[in-house]
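# Tertiary structure, described
Letter by letter, the chains look like this.
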Amino acid sequence: TNLDFNIKQIKAKVGMDVKITGIIKADGYGHGSVKCASVLRANGVKSFGVATLSEAIKLRKAGYETEQILILGLTPEPYADILAEYDLTPVVCSYTNAEAINNAARKAGKTIECYIAVDTGMGRIGYNPEDPASVEDVKMITTLQHIKLIGLFSHFATADAADKNYAHMQ
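Calculation rules
Residues numbered from 1 in each chain as written. Predicted model: local features only at pLDDT ≥ 70, side-chain atom pairs only at ≥ 80, totals over all residues. Heavy atoms only, no water. Helix = DSSP H or I, 4+ residues; strand = E, 2+ residues; numbered from the N terminus. Buried < 20%, exposed > 50% of the residue type's maximum accessible area, 1.4 Å probe, protein only. Contact = heavy atoms within 4.5 Å. Pairing = 2+ DSSP bridges. Axes fitted to C-alpha atoms, helices over the stretch in contact; angles between N-to-C directions. Core = buried A, V, L, I, M, F, W, Y, C linked by side-chain atoms within 4.5 Å. Salt bridge = Lys/Arg side-chain N within 4 Å of Asp/Glu carboxyl O. Phe/Tyr/Trp six-rings, centres within 6.5 Å; stacked < 30°, edge-to-face > 60°. Right-handed = clockwise from strand over helix to strand, strands pointing away.

Here the focus is unusual backbone geometry. Excluding glycine, residues mostly have negative phi values, and the peptide bonds linking residues are mostly trans. The backbone of alanine 26 shows a phi angle near 55 degrees, a positive value even though the residue is not glycine. Mapped onto the elements, alanine 26 comes out in helix α2 (residues 25-29). Notably, aspartate 87 is not glycine yet its phi reads approximately 55 degrees, a positive angle. Following the sequence through the fold, aspartate 87 ends up in the loop between α5 (80-86) and β4 (89-92).

The next point concerns the environment of lysine 35. Note on placement: lysine 35 falls in helix α3 (residues 33-42). A C-alpha to C-alpha distance of 9.8 Å links lysine 35 and isoleucine 24, two positions 11 residues apart in sequence.

Structurally, the position occupied by lysine 11 is in helix α1 (residues 2-14). The exposure class assigned to lysine 11 is buried, which follows from its relative accessible area of 9%. The contact partners of lysine 11, leaving out residues within four places of it in the chain, are Met16, Ile20, Asn43 and Gly44.

Let's shift gears to the sheet that holds strand β2 (residues 47-50). Taken in spatial order, the 6 strands of this open sheet run β1-β2-β3-β4-β5-β6, and their pairing is parallel. The open sheet has two edge strands, β1 (21-23) and β6 (147-153), and neither has a second partner. Within the sheet, the average angular offset between the axes of one strand and its neighbour, ignoring direction, is 30 degrees. Contacts from helix α4 (residues 53-61) reach β2 and β3 (68-74) within the one sheet, and its direction differs from that of β3 by about 165 degrees. Sitting on the sheet, helix α7 (residues 132-141) touches β4, β5 (112-117) and β6, and the angle it makes with β6 is about 145 degrees.

With that out of the way, let us pick up the nonpolar core. In this structure, Ile24, Phe48, Leu59, Leu88, Ile101 and Ile141 are the most contacted members of the largest nonpolar core, which totals 44 residues. Contacts of isoleucine 24, omitting those with residues within four sequence positions, involve Ser33, Cys36, Ala37, Leu40, Phe48, Gly49, Val50 and Leu59.

This brings us to the pattern of salt bridges. Per the counting criterion, the structure on display carries 5 salt bridges. Note that aspartate 27 is salt-bridged to lysine 58, the shortest N-O span being 3.2 Å. Linking aspartate 27 in helix α2 with lysine 58 in helix α4, this pair joins segments that are 31 residues apart in sequence.

Looking now at the packing of aromatic side chains. The final tally for this structure, using the stated rule, is 1 aromatic pair. Measuring from ring centre to ring centre gives 5.7 Å for phenylalanine 48 and tyrosine 64, while their planes differ by 90 degrees; the resulting arrangement is edge-to-face. In this pair, phenylalanine 48 is assigned in strand β2 and tyrosine 64 in the loop between α4 and β3, connecting sequence segments 16 residues apart. In this structure, phenylalanine 48 and tyrosine 64 share a single accessibility class: buried.

Burial analysis of β5 places 5 of its 6 residues in the buried class, which makes it a mostly covered element. Across 2 bridges, the pairing between β4 and β5 is parallel. Directly across from valine 92, in β5, lies its bridge partner isoleucine 116. Assessed by its sense of winding, the connection that carries the chain from β4 through helix α6 (residues 95-108) to β5 is right-handed. In this structure, β5 lies alongside β6, joined through 6 bridges in parallel fashion. Note on β6: the bridge partner recorded for cysteine 114 is leucine 149.

Put into structure tokens, the structure is as follows:
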């Protein structure tokens, strides 16, 4: 398949030891998220990115039990317990959201790995990197005992445009 060929080419270029997260949101962009995950897993990909909580649960229920599943969209506070139940990796961009996730993880006796969402120009979700309050909020998140921050997440708004100036600025 084309996906199999493409992931092999990517791995050849970046090296076999580089961690790749296979983004398979929107049902694998219409190709079937579970089918795409299977091809990626067969090529050594151990991390997937989806848009929503329901997409993440679908992968877990399909047998993707040990892979990291990153939810690229925000998971509202009332669903934090589901993150813990399914061992999912959310993005956070507010202390309130992180605190709810922390509380759910504590109740489940777990630690949840999270990414910090940073808005570099897309305008959908994330901390404003120019706002000093963002740094203070993230510092407060680092004090939560049942959350482990493992990285930053952003989205390039115009990466597929012919003019790359804005993407380079981001």
